[in-house]
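# Coordinates in review
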Amino acid sequence: MGKHVVIGAGSIGTNVARLLAERGQRVRIVTRSGSGPKHRLIDRVAADASDPSRLTELSRGAEVIYHCANPPSYTMWERLLPPLQTAAIAAAEANDAVLALTGSLYAYGPQPGGRMNEHTPMAAVGHKGRLRRRMWEQALAADIRTVEVRGSDFIGKGANGVYSLLIEPALKKGSAAWIPGHLDMPHTFTFNGDMAQALITLASEERAWGRPWHVPSPPAVTIRELARRYVVAAERPPIKLIQIPRFVMRTAGLIVPIAREMAEMDYQWYAPFHMDATETADTFRLTATDLDTAVRNEVS
């Protein structure tokens, strides 16, 4: 097998596998369904990656394990993420492989001015943020070489985010887009291709191990501005954006589980949300993909 094992075939796992294969590296991608990008250097395996024994077996000979799996719904996080993390750590330890983790900004929780850099303390108050913190601390406590690469909300082809969930359906129907967040608050968005590049680069750098890093990302923009750029890239007529009052999701959350999970994270969308990746960029000479390039990639 190859020297790289990728867990998950979402937009991040797919990008990681493709980038490695394009560079002539053999890759094994592990998912429950056996899905993933098709390439002569990519071996797609159907398996339960939360089974430590099975994942350890599939990772024999691997130099790097990239943990890119993420449940499709917030409501599944507490049940599915811990076993995946435990199995990934066990496989990395058994095979003396580097474990590269796809992280988020959730562990920080709300921060003054909405600004976060690589040294911001993990002060999450919501259960999903606390879970992310525990998972990173678990990896650090294990006898492995590991790095966590943190990005903000993803954009780019295949990303599960603002465009695919809110903007694209409205563009296709020619209808208004209902937005559960402030339309004019600056927010950092991360190109999923840049996340994949950062994971590969930092996994290979000994000086990166043992701490978190941020993915260089374009300057923060408002949802209104981001939507305008999607409209231009898609060559569609402008659409109306309607801001859903904040209390609506919180009220719905009293009886609808997914609304409750979304409301827990709404601080990201009703105040400025800036991710600083200066240290990562300067240390590893990584740069962010231009926002319009990322937008065109997702729309195409």
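Going by the structure above, here's the rest.
Everything in this summary refers to the structure shown in the same document. It should be emphasised that the depicted structure is a prediction, and the values quoted were computed from it without experimental measurement. (Residues numbered from 1 in each chain as written. Predicted model: local features only at pLDDT ≥ 70, side-chain atom pairs only at ≥ 80, totals over all residues. Heavy atoms only, no water.)

Per the secondary structure count, the protein includes 11 helices and 13 strands. The C-alpha atoms of the protein give a radius of gyration of 19 Å, which matches the 19 Å a tight globule of 300 residues would have. Projected onto the principal axes, the alpha-carbon positions of the protein cover approximately 55 × 40 × 40 Å. When the 300 residues of the protein are sorted by exposure, 53% land in the buried category. Put simply, the protein shows about 13500 Å² of open surface, and 52% of that area lies on carbon and sulfur atoms. When the 35 basic and 30 acidic side-chain charges of the protein are each reduced to a single mean position, those positions are 5 Å apart. (Helix = DSSP H or I, 4+ residues; strand = E, 2+ residues; numbered from the N terminus. Rg over C-alpha atoms; globule rule 2.2 N^0.38 Å. Buried < 20%, exposed > 50% of the residue type's maximum accessible area, 1.4 Å probe, protein only. Areas by Shrake-Rupley, 256 points an atom, 1.4 Å probe, with all protein chains shown as cover. Lys, Arg positive; Asp, Glu negative; His and termini not counted. Charge placed at Lys NZ, Arg CZ, Asp CG, Glu CD.)

Bringing the nonpolar core into the picture now. Grouped together as the largest cluster of nonpolar side chains are 30 residues, with contacts concentrated most on Val 16, Tyr 66 and Leu 199. For this core, the secondary-structure elements that each account for two or more residues are helix H1 (11-22), strand S2 (27-31), strand S4 (64-67), strand S5 (98-103), strand S7 (145-150) and helix H6 (192-203). Here this core takes seven residues from H6, the largest share from any one element. Those residues within four positions of Val 16 in sequence are excluded, and the remaining contacts are Val 6, Tyr 66, Cys 68, Ala 196, Leu 199 and Ile 200. (Core = buried A, V, L, I, M, F, W, Y, C linked by side-chain atoms within 4.5 Å. Contact = heavy atoms within 4.5 Å.)

In this section: the sheet that holds strand S3 (residues 42-46). Pairing is parallel in the open sheet, where seven strands are placed in the order S3-S2-S1-S4-S5-S7-S11. What marks the edges here is a single partner per strand, and that holds for S3 and strand S11 (212-214). Looking at each pair of strands side by side, their axes are set apart by 20° on average, direction ignored. Pairing of S2 with S3 involves five bridges; the strand directions are parallel. Across the sheet, residue Thr 31 finds its bridge partner in S3, namely Ala 46. (Pairing = 2+ DSSP bridges. Axes fitted to C-alpha atoms, helices over the stretch in contact; angles between N-to-C directions.)

Okay, the pattern of salt bridges next. Taken as a whole, this structure holds 19 salt bridges when the rule is applied. With a closest N to O distance of 3.5 Å, Glu 168 and Lys 172 form a salt bridge. Taken together, the residues span about one helical turn, with Glu 168 and Lys 172 both in helix H5 (residues 162-173) at a distance of four residues. By relative accessible area, Lys 172 is classed as exposed at 61%. Taken together, the salt bridges that share partners define one network made up of Glu 225, Arg 228, Arg 229 and Asp 292. (Salt bridge = Lys/Arg side-chain N within 4 Å of Asp/Glu carboxyl O.)

Counting through the fold element by element, His 187 comes out in the loop between strand S9 (177-179) and strand S10 (189-191). In contact with His 187, not counting residues within four places along its chain, are Ser 152, Asp 153, Ala 220, Val 221, Gln 268, Trp 269 and Phe 273.

Turning to the packing of aromatic side chains, a few remarks are in order. For the coordinates displayed, the defined rule picks out six aromatic pairs. Ring geometry for Tyr 74 and Tyr 106: centres 6.2 Å apart, planes at 55°, overall tilted. Of this pair, Tyr 74 sits in the loop between S4 and helix H3 (77-95) while Tyr 106 sits in the loop between S5 and strand S6 (115-116), and the two are 32 residues apart along the sequence. Among the residues examined, Tyr 74 registers a relative accessible area of 21% and is labelled partly exposed. Given the relative accessible area of 12%, Tyr 106 is considered buried. A ring pair is formed by Phe 189 and Trp 269, whose centres lie 6.1 Å apart and whose planes are at 45°; its orientation type is tilted. (Phe/Tyr/Trp six-rings, centres within 6.5 Å; stacked < 30°, edge-to-face > 60°.)

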